[in-house]
Each structure stands twice: as C-alpha cells, then as structure tokens.
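Residue-level structural notes
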Amino acid sequence: MLSERRLQVLRAIVQDYVGTEEPVGSKALTERHSLGVSPATVRNDMAALEEEGFIAQPHTSAGRIPTDKGYRLFVDKLAGVKPMTAPERRAIQNFLEGAVDLDDVVARTVRLLAQLTRQVAVVQYPSLTRSTVRHVELLKLAPARLMLVLITDTGRVEQRMVDCPAPFGEMSLADLRARLNSRVAGRRFTDVPPLVEDLPEAFEAEDRGTVSTVLSTLLETLVEENEERLMIGGTSNLTRFGHDFPLVIRPVLEALEEQVVLLKLLGEAKDAGVTVRIGHENAHEGLNSTSVVSVGYGSGGEAVAKLGVVGPTRMDYPGTMGAVRAVARYVGQILAES
C-alpha cells in the first residue's frame, strides 16, 4: 500500500497532467500544491511511484505522467465525483424536457453528454428485454388488416402490420384489445408469452386464427433483436486530443464504428452504478489509449440501458463521472414521466 503522502503526490500529478497536458516535475508539484515537503522528498516519492508502475517518464521529458495503473488508483481511491452546479443541472433538465419522443430523448442525451464532457458520447436505447408493456393498441385498417402498436414503460413505440386469415369484426377487436391489455399491461416482456398462450380459446372458432396471428406478431415484436440500438455523437471531439493517442486516431474511430464493441464497452445494463474502464482494461485493441465512463439509466430505479463517454485516458474523471451520472438521472426521470 502507498503511504498517504505518496497518494497525495499521485493525485497532484494526475490533476496537473490533466489540466496542463504537460509531464509533471517535482519542482512544479511543490510550487502548485501544499504537500508540506521539499522537492527532494517529492522526487523520492515520484521515484517510488514510478518503480511501482503508477507513473512513467515519456521519452526524454524531465516530468512524469500517470499510467493506466495510476489513473485506476486515482479513480478508485482519490477522486470523488464532482457534482454539477445548480445552473448546469437546470440546463440539463430544460434541454432534455423539450424532447418529443424516445428518439428525441436519445438524440438530445447524446448531444448533451458530448457538449458537457467534450468527449465522444454513446447512448444505448432502452432494452426491450428489460422493459414492461405499458399498453397494446389494435387498430383496424381494413376488414382483414390490423395495426398492432406496442408501447413500453420507457416510451418506446413499436408498430407492426397484421394480415388476418379472415375478416375481424369491431366487437371481436374491442374484446381482444381489452383481454390482451388486462393480461400484459405492466408485465415484463419476458413474462408475456405464458400469459397469452390460451387467449385464442376465449374466442369463437372463426376468430381464433386471427387472434393467434395477432399474438404471434406481438411475441415476435417482444423478442426481436433490434433492441441493441445505439446512438453516438461528438466524435469530432477526439480531434482535439490528437496528441493523447500514441499512434494515430484511426484505430479509435474504427473501434467506435463497431456497435458490438461499443455495447461491450458500456457493459451490462444491470450494473447501474458509474463504471470506469481505463486504457488496457478495454479489451478492444483500438481503445487501449481511451477511457470509458458509463452508467445505467432507467425509470423506477431499475436500469434498462447504459450511456457513457469515450475519451483519452488523460481525462477529468471527477467531472466526467459527475456529468454522466447527472444526465442518466434526468433521462431516467423523463422516461418515468413520459
């Protein structure tokens, strides 16, 4: 374990390097921070931190910079989450409250995160498998054609056309709509199939084919794999950090284009707390020079998806963690009210 003083020296190095972009020397540290010891003692502390792999000397520079290991200790032990100011919180709320539907909520969230953190923002659409049914609407378009509209608790709307094997009367349609909602409204998607399997038996023989067709369309909608949708924004922010990427920026941009990579980066939605992955903790090679800060969001205290940012390891971790957490909280509130 590092001594308290060496932890303070590491914190000062991270803060200075993030703020100035310049490798940090012992003289500058003692001038900028009240460490209460001489530059010689700080030099000894820095030598010990370097030996243990928390800081490193880039090429011929006299100063030191944090390593992935140093950033990890900083995030775990030394950095609190920096809260947003009241005006910032109001601005977030006002901006997100203007959204007209789920797509707009996601688009605004991406723009907001990219602006607040000046990093690349990634927002996952709410997952259908973790959603509940708010309402199922059935609309008659023609004697043997219906539209099925599925509305989820997160405000997501899925529409499907249903071609019926025979004409379906208004009375039967109203009956099916009522019976269906009484069984599935408020239920998780994964719980729905057994709740509706015997529904055709409640109808006259000539209507059962249509009821079965409607149910199979509903169940297909519930299990479709289109749930893992993402929106990404702010990739132009990476160009401001060209010197932070040891080789070139292209591998980072290529990795960000792969949806599977991004979903893995964000992690499981059930991990609702703020997660920070630093440098080589990211399995994808193209992202070894980046850090990812992500958090779950959702309505009613349960995470239904993740959002986060990707940027260089030289990141303002307390500020970024605070922004990501605050935005997730407001998105969750809007979904709950929608």
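Residues numbered from 1 in each chain as written. Predicted model: local features only at pLDDT ≥ 70, side-chain atom pairs only at ≥ 80, totals over all residues. Heavy atoms only, no water.

**A short note on the side chain of Ser26**
Condition: The helix count covers DSSP runs of H or I at least four residues long, the strand count covers runs of E at least two residues long, and both are numbered beginning at the N terminus. Note on contacts: a residue pair is in contact if any heavy atoms of the two residues lie within 4.5 Å.
Tracing the backbone through its elements, the reader meets Ser26 in helix 2 (residues 26–32). Excluding its chain neighbours within four sequence positions, the residues that come into contact with Ser26 are Pro39, Val42, Arg43 and Met46.

**Concerning helix 9 (residues 205–223)**
For clarity, the threshold we go by: Helix span, expected: 1.5 Å multiplied by one less than the number of residues in the helix. The classification of residues rests on relative accessible area computed with a 1.4 Å probe and restricted to protein chains. Under 20% of the type maximum is buried, over 50% is exposed, and intermediate values are partly exposed. Working note: the arc is built from the helix axis to C-beta atom directions.
If you check helix 9, its first and last C-alpha atoms are 28 Å apart, about what 19 residues at 1.5 Å a residue would give, namely 27 Å. Every buried residue of helix 9 is listed here: Asp207, Thr210, Val211, Val214, Leu215, Thr217, Leu218, Thr221 and Leu222. Summarising the axial view, the buried residues of helix 9 lie within an arc of 160°, below the 170-degree limit, and thus occupy one face. Residues of helix 9 that are exposed and angled more than 90 degrees away from the buried face: Ala205 and Val223. As for helix 9, its buried residues are in contact with strand 4 (133–142), strand 5 (145–152), strand 6 (157–163), helix 7 (170–184) and helix 8 (192–196).

**Describing the sheet that holds strand 9 (residues 290–297)**
Strand pairing in a sheet takes place through backbone hydrogen bonds and is either antiparallel or parallel in direction. Here is the rule: Strand pairing is defined by DSSP finding a minimum of two bridges between the two strands. For helices, the fitted line uses only the C-alpha atoms of the stretch in contact; every axis is such a line through C-alpha atoms, and the angle between N-to-C directions lies from 0 to 180 degrees.
A sheet is described by the order of its strands in space; here 5 strands give the open sequence 7-3-10-9-8, paired in antiparallel fashion. Two strands close off the open sheet at either side, each with one partner strand: strand 7 (230–233) and strand 8 (275–278). Here the strands of the sheet are splayed against their neighbours by 15° on average, with no regard to which way each runs. Here 4 bridges tie strand 3 (residues 120–124) to strand 7, and the two strands are oriented antiparallel to one another. Looking at the pairing, Val123 lines up with Met231 of strand 7. Running over the sheet, helix 11 (residues 259–266) touches strand 3, strand 7, strand 8, strand 9 and strand 10 (305–312) and is turned about 90° from strand 7.

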